[in-house]
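Structural overview
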Amino acid sequence: MKKIYTRTGDEGTTSLFGGERVNKSHPRIDAYGTVDETSSLIGLARAQLEGRPGFDRLDPVLRRVQEELFILGADLATPAEAKPLVPRIAASHVEQLEADIDRFTEDLEPLRHFILPGGTPGAATLHVARTTCRRAERLTVKATALEPVNEQATTYLNRLSDLLFVLARWANRQVGMREDTWSPQKEE
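Below is a summary of the structure that appears in this document.

About the criteria used
- Residues numbered from 1 in each chain as written.
- Predicted model: local features only at pLDDT ≥ 70, side-chain atom pairs only at ≥ 80, totals over all residues.
- Heavy atoms only, no water.
- Helix = DSSP H or I, 4+ residues; strand = E, 2+ residues; numbered from the N terminus.
- Buried < 20%, exposed > 50% of the residue type's maximum accessible area, 1.4 Å probe, protein only.
- Contact = heavy atoms within 4.5 Å.
- Areas by Shrake-Rupley, 256 points an atom, 1.4 Å probe, with all protein chains shown as cover.
- Patch = residues over 30% accessible without salt bridge, like charges linked within 9 Å, V, L, I, M, F, W, Y side chains within 5 Å.
- Salt bridge = Lys/Arg side-chain N within 4 Å of Asp/Glu carboxyl O.
- Phe/Tyr/Trp six-rings, centres within 6.5 Å; stacked < 30°, edge-to-face > 60°.
- Lys NZ or Arg CZ within 6 Å of the ring centre and 35° of its normal.

Things to note about the overall build of the protein
- Scanning the protein from terminus to terminus reveals 5 helices and 2 strands.
- Looking at the protein as a whole, 42% of its 188 residues are labelled buried.
- Residue pairs in contact within the protein that sit at least 24 positions apart in sequence constitute 73% of those at least 6 positions apart.
- Working note: accessible area of the protein is about 10,900 Å², and carbon and sulfur atoms make up 53% of it.

Remarks on the environment of His93
- Tracing the sequence through the fold places His93 in helix H3 (residues 91-105).
- What makes His93 buried here is its relative accessible area of 17%.
- Non-local contacts of His93, meaning those with residues more than four positions away in its chain, are made with Glu68, Ile71, Arg88 and Tyr156.

Quick word on a nonpolar patch on the surface
- On the surface, Phe114, Leu116 and Trp182 cluster together to form a nonpolar patch covering roughly 360 Å² of accessible area.
- Looking at the element boundaries, Phe114 is found in the loop between H3 and helix H4 (121-146).

Brief notes about the packing of aromatic side chains
- By the definition in use, this model includes 2 aromatic pairs.
- Geometrically, the ring pair formed by Phe104 and Trp170 is edge-to-face, given 4.9 Å between the ring centres and 90° between the ring planes. Note that Phe104 is positioned in helix H3 and Trp170 in helix H5 (residues 151-174), a separation of 66 residues in sequence.
- Given the relative accessible area of 0%, Phe104 is considered buried.
- Classification of Trp170 by relative accessible area gives buried; the value is 1%.
- Relative to Trp182, the ring of Phe114 has its centre 5.8 Å away and its plane inclined at 65°; by these criteria the two rings are edge-to-face. Within this pair, whereas Phe114 is found in the loop between H3 and H4, its partner Trp182 is found in the segment after H5, the two being separated by 68 residues in sequence.
- For Phe114, a relative accessible area of 63% corresponds to the exposed category.
- The class for Trp182 is partly exposed, based on a relative accessible area of 45%.
- Here the basic side chain of Arg57 rests over the ring of Phe104, its NZ or CZ set 5.0 Å away from the ring centre.

In structure tokens:
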């Protein structure tokens, strides 16, 4: 039986694809770790949404996104000069996210106010995934400032956070959940 632990990271380092060892606090590691966190939250949302109205339309999109997040994680773990083990995130991935956003937005009322994240557990989890996706985007930008990173990575994360917002709204709409709008208090 092959063991899950290797002990190679016990001293606070890990390997990028290509063999270079870096500190586990390296911006690339932060970025792809947060991509993994986002994928896990999407998995939680899928589990919470299973059997709910609209699941048959929503789940294939969320599953595909999880597959793409594995690609993105591998992309972020592969220095620009190294040969990638899997294809890198491409403009076609971003275009598919945009098509998904447009398709699901057709079923929603136009936004006229900011909405508070929440609703059903599945939709609320998609909102949390959106926030970790935004963090992954910020960390990818930080990594890009230090060394070359696939430029589509940041664009993909930006668009994915938009899609997760739309899908959270859409999931709530499928069960008739009213959106809770933000009402700023005016000082008297």
